[in-house]
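One-letter residues, chain by chain:
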Amino acid sequence: MNNITLGQYIPGDSWLHKLDPRIKLLSLVVLLVSTFLIPISSNLHSIISMSILLVLAFGLTFSAKVPMRKVLNGLRPIVFLLTFTFVIQIFYVKSGDLLVSYPMYISGTSILAILIFLVFYQWSKKFIKFRTIYFFIAVFLVFYFQSILPFFTIKEYYLDVYSDGLLRALFIFLRITSVIIMTSLLTFTTMTTDLNYAIESLLKPLKIIKVPVDVMAMMLSLTLRYIPTLLGETEKIMKAQASRGVDFKESKFKEKVMQIVSLLIPVFVISFKRAEDLGNAMEVRGYVIGQKRTKIDEHFIGVSDIFTLIMSFCVLFVIIFFEFIRWDI
């Protein structure tokens, strides 16, 4: 539960915390557009461009005084996605220089060894502190067993690693990491009310075509606000059930299904109760859907906001120049 950082706000007094929320949201959109304008390629200049964006994301994190542990925890849920993408690129891309060509065997002995190891991995991972490193070791051993156990071979194939595959895998890793860090910074440094104001302000032109921008902004901000709250409530329920003898780690599959059901029911009840309390609180404070509302805090765009937005567009223009203009000349 603690690994999910979406929607969490970290109080602070850094320059990124003090920026106008509209400028932060717009700058994030510009940086994300810059990230996805770089085409997936095995060319070295694309890798360099994406590496610069990743360094920029880490630089913003340090300057915002956001704990790096929080940022890394936000990356842990996508470790499997990154690993799966890396393996797919290795097997799929067959261009460039051949770096490694190693015989692999899908055999009776290798399948048996992998099954035994997976059972051991599921049992032993709860005792391991650094589970991410342990996961990578497990992936390596799965392929290692296929290379050293050729007995009772069912199928033989070659693990061919090409330079383009490695570069494309590295590029995708850099892109996903950059996107996760930059989007996490927005919620780390922006309160939910300020984010609601930013979304409503930037989408205000859509009111011309009768789009309920204020309602959409409120729904999105409330969703982000209650993600960490519901996760906290879920963790409390799990601890309460664990104190009553429920074990979510060492149960059979059927028992785990029953435990998850017993966990979801109180979570849904708490969710509906909190939604009802929130609706009553909003009604008491005079909130009416579609009516114009006043703001407690007035936001003004200053010199630092304009400078930040200009620098974001500079990054976009540099990416466009190097990716679409310079290389075509």
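Definitions and limits used
- Residues numbered from 1 in each chain as written.
- Predicted model: local features only at pLDDT ≥ 70, side-chain atom pairs only at ≥ 80, totals over all residues.
- Heavy atoms only, no water.
- Helix = DSSP H or I, 4+ residues; strand = E, 2+ residues; numbered from the N terminus.
- Buried < 20%, exposed > 50% of the residue type's maximum accessible area, 1.4 Å probe, protein only.
- Areas by Shrake-Rupley, 256 points an atom, 1.4 Å probe, with all protein chains shown as cover.
- Lys, Arg positive; Asp, Glu negative; His and termini not counted.
- Charge placed at Lys NZ, Arg CZ, Asp CG, Glu CD.
- Expected span 1.5 Å × (residues − 1).
- Arc of directions from axis to C-beta.
- Contact = heavy atoms within 4.5 Å.
- Patch = residues over 30% accessible without salt bridge, like charges linked within 9 Å, V, L, I, M, F, W, Y side chains within 5 Å.
- Salt bridge = Lys/Arg side-chain N within 4 Å of Asp/Glu carboxyl O.
- Phe/Tyr/Trp six-rings, centres within 6.5 Å; stacked < 30°, edge-to-face > 60°.
- Axes fitted to C-alpha atoms, helices over the stretch in contact; angles between N-to-C directions.
- Parallel < 35°, antiparallel > 145°, perpendicular 65-115°, else oblique.
- Left-handed = near helix turned anticlockwise from the far one by under 90°.
- Nonpolar A, V, L, I, M, F, W, Y, C, P; charged D, E, K, R; others polar.
- pLDDT = per-residue confidence, 0-100.

Let's shift gears to the overall build of the chain. A tally of regular secondary structure across the chain gives 12 helices and two strands. Overall, the chain shows an N-to-C arrangement of helices and strands of α-α-α-α-α-β-α-α-β-α-α-α-α-α. Overall size of the chain, expressed as C-alpha extent along the three principal axes, is 75 × 70 × 40 Å. Here the chain holds 329 residues, and 36% of them are scored as buried. Surface summary for the chain: the accessible area is close to 20,500 Å², and the carbon and sulfur share equals 71%. Taking the average location of the 33 positive side-chain charges in the chain and that of its 22 negative ones, the two points are 5 Å from each other.

Attention now goes to helix α5 (residues 79-92). With 14 residues, α5 should cover 20 Å at 1.5 Å per step; its first-to-last C-alpha distance of 20 Å lies within 8% of that length. Among the residues of α5, those classed as buried are Val79, Leu82, Thr83, Thr85, Gln89 and Ile90. On an axial view of α5, the arc spanned by its buried residues comes to 165°, and they lie on one face. Exposed residues lying more than 90 degrees from the buried face of α5 are Phe80 and Tyr92. Taken together, the buried residues of α5 touch α4 (68-75), α7 (131-148), β2 (153-162) and α8 (163-189).

What follows deals with a nonpolar patch on the surface. A surface patch of nonpolar side chains, amounting to about 440 Å² of accessible area, comprises Phe86, Leu99, Val100, Tyr102 and Leu166. It is strand β1 (residues 98-107) that provides the largest number of residues to the nonpolar patch, a total of three residues. Mapped onto the secondary structure, Leu166 falls in helix α8. A relative accessible area of 32% places Leu166 in the partly exposed class.

A separate point is the pattern of salt bridges. For the structure on display, the rule yields three salt bridges. Across the pair Asp20 and Arg22 runs a salt bridge whose closest N-O atoms are separated by 2.9 Å. One salt bridge connects Arg274 with Glu233, and the closest N-O pair in it is separated by 2.7 Å. Placement of the pair is Arg274 in helix α11 (residues 253-284) and Glu233 in helix α10 (residues 213-243), with a sequence separation of 41 residues.

The phi torsion at Lys65 lies on the positive side, around 60°, for a residue other than glycine. Mapped onto the elements, Lys65 comes out in the loop between α3 (44-63) and α4. For Lys65, a relative accessible area of 63% gives the class exposed. At Phe152, a position not held by glycine, the phi torsion is positive, near 55°. Position of Phe152 relative to the elements: it lies in the loop between α7 and β2.

With that settled, consider the packing of aromatic side chains. According to the stated counting rule, one finds eight aromatic pairs in the structure shown. A ring pair is formed by Phe313 and Phe317, whose centres lie 6.2 Å apart and whose planes are at 35°; its orientation type is tilted. Residue Phe313 and its partner Phe317 are located together in helix α12 (residues 303-325), separated by four residues, close to a single helical turn. Of the residues examined, Phe313 reaches a relative accessible area of 29% and is grouped as partly exposed. Judged by relative accessible area, which is 51%, Phe317 ranks as exposed.

With that settled, the discussion passes to a positive patch on the surface. Taken together, the side chains of Arg69, Arg76, Lys129 and Arg131 make up a positively charged region of the molecular surface. With respect to the element layout, Lys129 can be found in the loop between α6 (108-124) and α7. On the basis of relative accessibility, which here comes to 70%, the residue Lys129 falls in the exposed class.

It is worth spelling out the packing of α6 against α7 at this point. Put simply, α6 and α7 touch, their axes get as near as 9 Å, and they point 165° apart. As summarised for this structure, α6 and α7 are arranged roughly antiparallel, according to the angle between their axes. Crossing handedness for the pair α6 and α7: right-handed. Counting all contacts with α6, which are made through Ser110, Ala113, Ile114, Phe117, Phe120, Tyr121 and Ser124, the residues of α7 involved are Tyr134, Phe135, Ala138, Leu141, Val142, Phe145 and Gln146. Among the residues making up the contact of α6 with α7, the classes are represented as 11 nonpolar, three polar and no charged.

Turning our eyes to something else, we now look at the confidence of the model for the chain. Should the pLDDT be low somewhere, the predicted coordinates at that spot are not to be read in detail. On average, residues of the chain score 80 in pLDDT, and 90% of them reach the 70 mark or higher. Of all helices and strands in the chain, the one with the weakest mean pLDDT is α10 (77), whereas helix α2 (residues 21-37) scores best (90).

Bringing α3 into the picture now. Relative to the 28 Å expected for 20 residues at 1.5 Å per residue, α3 spans 28 Å between its end C-alpha atoms, a close match to the ideal helical length. Listed in full, the buried residues belonging to α3 are Ser46, Ile47, Ser49, Met50, Leu53, Leu54, Ala57, Leu60 and Thr61. Buried residues of α3 fall within an arc of 165° about the axis and therefore sit on the same side. Seen from the open side of α3, the exposed residues pointing more than 90 degrees away from its buried face are Leu44, Ile52, Val55 and Phe62. At the C-terminal side of α3, Lys65 shows a positive phi close to 60°.

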